[in-house]
Each structure stands twice: as structure tokens, then as C-alpha cells.
Amino acid sequence: MRETPIRVFRRRTRPFRHALTLTLIRGVVAFVRRLPQQWANHIGRTLGIFIGRLAFNARRTTELNLARVSLRPPPSVDSCWADLGQRLVEFACMERMLERVIIDVETERMLRAAM
């Protein structure tokens, strides 16, 4: 069976497309890290909704899974994707967020004893 020209093109450009995607993700993460946390969270929610709308198959799967959930009313698909985007941004900004956490010596000793 002969490959179509578009499949050959997609196969040959795969390393370039993957490198471009990685560069785009690194750029977005670097940009978001420089923003105030509230702005970063808002951008993460917006990106999550945008990606959710582009990922048709994943969106359909999410809709089906939410329909099976016994919550009444089930959460919207957009809110699930927005939450995912916000969590990813929070993960990218985790170092900055952890700088604000202060653990006193006694608490640290209790945490280490529990581990």
C-alpha cells in the first residue's frame, strides 16, 4: 500500500513539528512565570479552554465522562479544561509559589518525623 503525499510530508516534518511545539511550550511557560500569579492563573484558564476546544476527541470523551458522573448538574466541559489549564500554570509557577510558604522549625521537624 502506497503512502499518500500528505502522510509522507507529515512523517518527514514530525521532528520539526515536535521541536516547534516544545519551543512554544517553553516560551509560554517562561512568559507565564514572569506574570503576577493572578494573571498567570487567568491566562492558564483561558489557554485550557482554548486547548479544550481544539482537542475535539478529548473534549468528546470529557463530555461523555461528565454525563456519567452522578453530580447534578454536572460541571461544564469548559470549566474542566479551564481548571486543567490553571493547574498546569500553577505547576509551572510552583517555585515562586513555594517561596511564600514559611515553615517553622518545629513544623519541619514534625514533617520529617512523619516521613
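See the structure printed just above.
Criteria and cut-off values
Residues numbered from 1 in each chain as written. Predicted model: local features only at pLDDT ≥ 70, side-chain atom pairs only at ≥ 80, totals over all residues. Heavy atoms only, no water. Helix = DSSP H or I, 4+ residues; strand = E, 2+ residues; numbered from the N terminus. Buried < 20%, exposed > 50% of the residue type's maximum accessible area, 1.4 Å probe, protein only. Core = buried A, V, L, I, M, F, W, Y, C linked by side-chain atoms within 4.5 Å. Contact = heavy atoms within 4.5 Å. Axes fitted to C-alpha atoms, helices over the stretch in contact; angles between N-to-C directions. Parallel < 35°, antiparallel > 145°, perpendicular 65-115°, else oblique. Left-handed = near helix turned anticlockwise from the far one by under 90°. 1 Å grid on protein atoms, 1.4 Å probe; cavity = no way out; pocket = protein on both sides within 12 Å on 5 of 7 lines; lining within 4 Å. Points joined across faces, edges and corners; volume = space filled by probe spheres on them. Nonpolar A, V, L, I, M, F, W, Y, C, P; charged D, E, K, R; others polar.

Undergrad: Quick question: what am I supposed to make of the environment of D83 here?
TA: Mapped onto the elements of the fold, D83 is located in helix α5 (residues 77-92). The class for D83 is partly exposed, based on a relative accessible area of 30%. The sequence separation of D83 and A113 amounts to 30 residues, and the corresponding C-alpha distance is 34 Å.

Undergrad: Mind showing me how you'd approach the nonpolar core here?
TA: General note: in soluble globular proteins, nonpolar side chains tend to be found buried as a group. Core analysis: the largest hydrophobic core is formed by five residues, namely V32, L35, A40, V89 and C93. Residue contacts for L35: discarding those within four places in its chain leaves A40, I43 and R96.

Undergrad: Looking at this structure, I do not really get the packing of helix α4 (residues 56-68) against α5. What am I missing?
TA: When two helices pack together, their arrangement is given by the angle between their axes and by how far apart the axes lie. Between α4 and α5, the shortest axis-to-axis distance is 10 Å and the interhelical angle comes to 115°. Looking at the two axes, α4 sits roughly perpendicular to α5. Both α4 and α5 take part in a crossing whose hand is right-handed. Mapping the contact onto sequence places A58, R59, T62, E63 and L66 in α4 and V77, D78, C80 and W81 in α5.

Undergrad: I would appreciate a short explanation of the layout of surface pockets in the present structure.
TA: Over the atoms rolls a probe the size of a water molecule, and in doing so it shows where empty space is left. Counted as a void, the largest pocket has a volume near 440 Å³. Taken together, 17 residues make up the lining of the largest pocket; nearest its centre are I25, V28, L47, I51 and L88. For the lining of the largest pocket, the secondary-structure elements that each account for two or more residues are α2 (14-33), α3 (37-54) and α5. Class assignment of the residues belonging to the lining of the largest pocket gives a composition of 13 nonpolar, four polar and no charged.

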